[in-house]
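Residues per chain are reported as follows:
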Amino acid sequence: MNTQIHSPLAHAAADSDQQRSNSDVRLSVEQVSYAYSSNPSQAPLFTLEALSFQAKPGEIVAILGPNACGKSTLLKLISGALEPLSGRIFLNGFATSALSPKTRAQRVALVQQESPLLFPSRAWEFVLQGRHPYGRALRFETADDIIIAKNAMAQVNASHLSDRWMDKISGGEKQRIVLARALAQQPLLLLLDEPTLHLDIGAQVDLLVNLRRLAAENRYTVVVVTHELNLAGEFADQVVLLQKGKCLRVGPPATVYQRDLLEQVFQAPLSVELTASGRPRVTLLSND
Amino acid sequence: MRPLTLERMILRCAILAAILFVVVVIALKMGAVQVSLYGLARDLLNVLVGRTKAISSDYGMIVMDIRLPRILLGLVVGASLAVAGTSFQALLRNPLADPYVLGISSGAAVGSILALIIESRLSFSPEVAGLITPFGAFIGAAITIAAVYFLGRREGQIDSGTLLLGGIITASFLSAVIMFLLSSLAGSNLRGATYWLMGDLSTPQPKSLMYLLGVGFVIAFGAIYTTAADLNLLLAGEKEAMHLGVDVPRVRIVVYLAASVLTGLAVSVSGAIGYVGLLVPHVMRLIFGSDHRMLLPASAFGGAIGVIIADALARTVTAPTDLPVGAVTAIVGAPLFIYLLRRRLA
């Protein structure tokens, strides 16, 4: 039995600029919209206007925008936690809304901002939870489950944390364990909601370097919601820029990161320059 | 990394079962009438093989006909309450949830008393009449837990503090309802009130009810146990559990109904014994960890052991007067509740 986290596909890292063919698309968000209202008879408090984008295996998509622009809503729609008002989301050609919770958990893994625990557990127990969608009946873990969980921890350089208590490790270490649990799900699609929120800059870069490597090695499609313009610019293959529930632009960072556009969206004076690697870098300018 | 295996779980359960057996034998020995361990073992064996006529002495009959049924009652009631407590803690995501603290036991008691009143007004055959009280208790428990669940919600989420306050207020309100119902019933006395408010195992129960209790426990426990792995994930929140493949609505309804059955059955035969559902899961969690595949059976054994010990103390500490068993569990349970609450707030 294959106990690797994921066997890399035969063809190596496909260039993100390569011509898209339909068979190559893993995640397809098609004209998806959403409206939230506390009372159905009233006008919605928040609407996400119809938007579309596609992503291939191994690609990182960053969803960017100011607070309350609909980033997390879009991620919830992709994860299946919310039903779209219109449009559909396909994963390898299957509508995600039609999947059972178990099947969905085998294909989509979500790393949320906070994973609160009622009772403390050890890191390895937490990572093994990622094998839950593969279990039957009482789900006593098999030898394969244990190997997969160990591999997942090794992939995020967290093997040494295995026996530590989850409430006794640092934010960055916890984030890696949460990521390891998502990897143990062996998903096709890895979703992360502001994973860098409580991390220092070193841990932020570390996380994204890990993500970049995992996306390439395991052929995950990664969708990450973030506030970090420069990290997204450096690591994402595609950026979805949102403002007040409207999708303004979808594309590679170098084409989306236009000074006028970003200044208008984030309401702050900025400068955008391209680095030697062709990646955009954003600098916040002082008002005076 | 040492995940729980089926073999390890069975081994631990066997150890707990052995401890339970020893506790049962000691509890059989305790009391005003002294019996020898040898005589006890011989009589127990005779009861097990169905040769009740061979029981040696009148003393032996006292032990087997009076003490044993009471101990068996304590066993099932303790196991039911502890498993219900463990389930409510996972379902409500609150480590302080317990059928008694949340007023669910009081709800079951009100249901039982109302069923008794209805039963006395209508003429049922004795077989049907025996089932009405536990059924009333189940309905009472189910309605109360639903009410407490809605009282404990704030902005669509269960709020720990609001839930506990809602439960405590519900419990005190229902206690008043119990007093009102009892005092309006003919032939009631203070003893009856103590029974429903504090819990008591001294009332002999008919055999049919004992069978119902046993079968009900096995079915409800089995139903909850099928969701044991799901409950582990539910502790991290319903959304998180859903993303890990848990069918949250199904688990919620199974655990809700089965835990209500357990509470209802226990209360209908013993009144509202407090803190078992709080204390036992916590002790078991300290020993075995918070994996529900182990925690649920461990709580069942622990609850049985705890209530049998508490009842043996209740029978003997103030002998010849019986204390209600709930007084013993409350003396131990209430300080622990305060301790857990303070540690949680800290």
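Check the entry above for the structure.
A brief report on the enclosed structure follows. Each chain carries its own residue numbering, running from 1 in the written order of its sequence. Whichever chain is written first becomes A and whichever ligand is written first becomes 1, with later ones labelled in order. Residue-level local features of this predicted model are given only where pLDDT is at least 70; pairs of side-chain atoms are given and counted only at 80 or more, and the full residue set underlies all totals for whole chains, interfaces and linings.

## A look at the overall build of chain B
Helix and strand assignments come from DSSP, with helices taken as H or I runs of at least 4 residues and strands as E runs of at least 2, each series counted from the N terminus. The helix and strand inventory of chain B stands at 14 helices and two strands. Taking 346 residues into account, the globule formula puts the C-alpha radius of gyration at 20 Å, and chain B, at 20 Å, falls close to it. Counting only C-alpha atoms, chain B reaches 65 × 55 × 40 Å along its principal axes. The exposure scheme places C-beta atoms from the backbone and then counts, for each residue, the other C-beta atoms within 10 Å of its own, assigning buried at 20 or more, exposed at 12 or fewer, and partly exposed in between. The proportion of buried residues among the 346 residues of chain B is 47%. Throughout, a residue-residue contact means that the two C-beta atoms, derived from backbone geometry, are no farther apart than 7 Å. If you take every contact in chain B between residues at least 6 apart in sequence, the share linking residues at least 24 apart comes to 75%. As defined in this context, the radius of gyration uses C-alpha atoms, and a globule is described by 2.2 Å times the residue total to the power 0.38.

## Section: the pairing of strand β4 (residues 86–91) of chain A
Residue and element names in this part refer to chain A. Any two strands with at least two DSSP bridges between them are considered paired. Across five bridges, the pairing between strand β1 (residues 27–36) and β4 is antiparallel. Within β4, the residue paired with Ser28 across the bridge is Phe90. Relative to strand β5 (residues 94–95), β4 runs antiparallel, the two sharing two bridges. From the neighbouring strand, Leu91 faces β5, where its bridge partner is Phe94. Between the end of β4 and the start of β5, which pair antiparallel, lie two residues, with Asn92 showing a positive phi angle near 50 degrees.

## Re the sheet that holds strand β7 (residues 189–193) of chain A
Residues and elements named next belong to chain A. Pairing is mixed across the open sheet formed by six strands, whose spatial order is β6-β7-β8-β3-β9-β10. Of all the strands in the sheet, the pair left with one neighbour each is β6 (108–111) and β10 (246–251). Sheet twist, expressed as the average angle between the axes of neighbouring strands with direction ignored, equals 15 degrees. Here the axes come from fitting lines to C-alpha atoms, over the contacting stretch only for helices, and the angles between their N-to-C directions go from 0 to 180 degrees.

## With respect to helix α1 (residues 71–79) of chain A
All names here are of chain A. In terms of burial, α1 is largely enclosed, as seven of its nine residues are buried. Taken together, the buried positions of α1 are occupied by Lys71, Thr73, Leu74, Leu75, Leu77, Ile78 and Ser79. Gly80 sits one or two positions beyond α1 and adopts a positive phi of about 95 degrees.

## Quick notes on the interface of chain A and chain B
Listed as interface residues are 26 residues of chain A and, on the opposing side, 24 residues of chain B. Counting only elements with at least two residues in the side of chain A that touches chain B, the list comes to α2 (101–107), α3 (123–128) and α4 (143–155) of chain A. Here the residues of the side of chain A that touches chain B are counted per class, giving 14 nonpolar, eight polar and four charged. Each residue is assigned to one class: nonpolar for Ala, Val, Leu, Ile, Met, Phe, Trp, Tyr, Cys and Pro, charged for Asp, Glu, Lys and Arg, and polar for all the others, Gly among them.

## Points about the pairing of strand β12 (residues 280–284) of chain A
Residue and element names in this part refer to chain A. Note: strand β11 (residues 270–274) against β12, five bridges, orientation antiparallel. By the bridge assignment, Ser271 is partnered in β12 with Thr283. Once β11 ends, the chain turns through five residues before running back antiparallel as β12, passing Gly278 with a positive phi of about 85 degrees.

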